[in-house]
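Here are the chains, one letter per residue:
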Amino acid sequence: MAKAVERASEEFAAKNLRFTKLRQMVYEEIAATYASIGAYEILARLADKGTRVAPISIYRAIDALLEAGVIHRLESKNAFFACRRMDHRTGRRPLFLSCEKCGAVGEVDGQHIFDLIGEAANGAKFVPRVKFVEVQGLCPRCAADEKE
């Protein structure tokens, strides 16, 4: 966790953003799991640890974490997960892989998918605004469990 927080702090600094204590606490709750987590679950976890904050404060922290690029939003669940790549400065865009069984979320280089979407849209004279591509399925562990 210390390494993840350090990397997140570096991303905030690179973008001239403040990595406040609340932002760090929210980030730690998100990064503590490989699954996605909703804002109210983050709120509850912080309350369980003795930190009571208003929901709007959680949403503001989440907005800052999204802006810094250290977390992503899983649109299908309106939940958030920690960026494990931290190499978005390359301009390559991730493809999100969401396990339907255990909830784990991963990301892989998806630039080729975005390129294909762009080509298809251009052929139709359409201007796409694709921000992410999410694929639902089974992670390797859950897929192996189903085979047994």
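Parameters and conventions
Residues numbered from 1 in each chain as written. Predicted model: local features only at pLDDT ≥ 70, side-chain atom pairs only at ≥ 80, totals over all residues. Heavy atoms only, no water. Helix = DSSP H or I, 4+ residues; strand = E, 2+ residues; numbered from the N terminus. Buried < 20%, exposed > 50% of the residue type's maximum accessible area, 1.4 Å probe, protein only. Contact = heavy atoms within 4.5 Å. Areas by Shrake-Rupley, 256 points an atom, 1.4 Å probe, with all protein chains shown as cover. Lys, Arg positive; Asp, Glu negative; His and termini not counted. Charge placed at Lys NZ, Arg CZ, Asp CG, Glu CD. Core = buried A, V, L, I, M, F, W, Y, C linked by side-chain atoms within 4.5 Å. Phe/Tyr/Trp six-rings, centres within 6.5 Å; stacked < 30°, edge-to-face > 60°. Lys NZ or Arg CZ within 6 Å of the ring centre and 35° of its normal.

### Remarks on the overall build of the protein
Counting its regular elements, the protein contains six helices and five strands. In sequence order, the secondary structure elements of the protein are arranged as α-α-α-α-β-β-β-β-α-β-α. Each of the three principal axes of the protein carries a C-alpha extent, and together these read 55 × 45 × 25 Å. Every one of the 148 residues in the protein was classed for burial, and the buried ones make up 39%. The long-range share in the protein, meaning contacts at least 24 apart out of those at least 6 apart in sequence, stands at 52%. As displayed, the protein has an accessible area near 8900 Å², and 52% of this comes from carbon and sulfur atoms. Looking at the protein, you have 23 positive and 20 negative side-chain charges, and the mean spots of the two groups are 4 Å apart.

### A few points about the nonpolar core
Among the nonpolar cores identified, the biggest contains 25 residues, and Val 26, Tyr 27, Ile 30 and Leu 65 are the most heavily contacted of them. Elements represented by at least two residues in this core include exactly helix 1 (2–14), helix 2 (21–31), helix 3 (39–48), helix 4 (55–68) and strand 2 (79–82). The dominant element in this core, judged by the number of residues it contributes, is helix 4, at six residues.

### Some points on the packing of aromatic side chains
Taken as a whole, this structure holds five aromatic pairs when the rule is applied. Taking the centre distance of 6.4 Å and the plane angle of 70° together, the rings of Phe 19 and Tyr 27 count as edge-to-face. Through successive ring pairs, a cluster of aromatic residues spans Phe 12, Phe 19 and Tyr 27. When the ring centre of Phe 114 is taken as reference, the NZ or CZ atom of Arg 93 above it lies at 3.9 Å.

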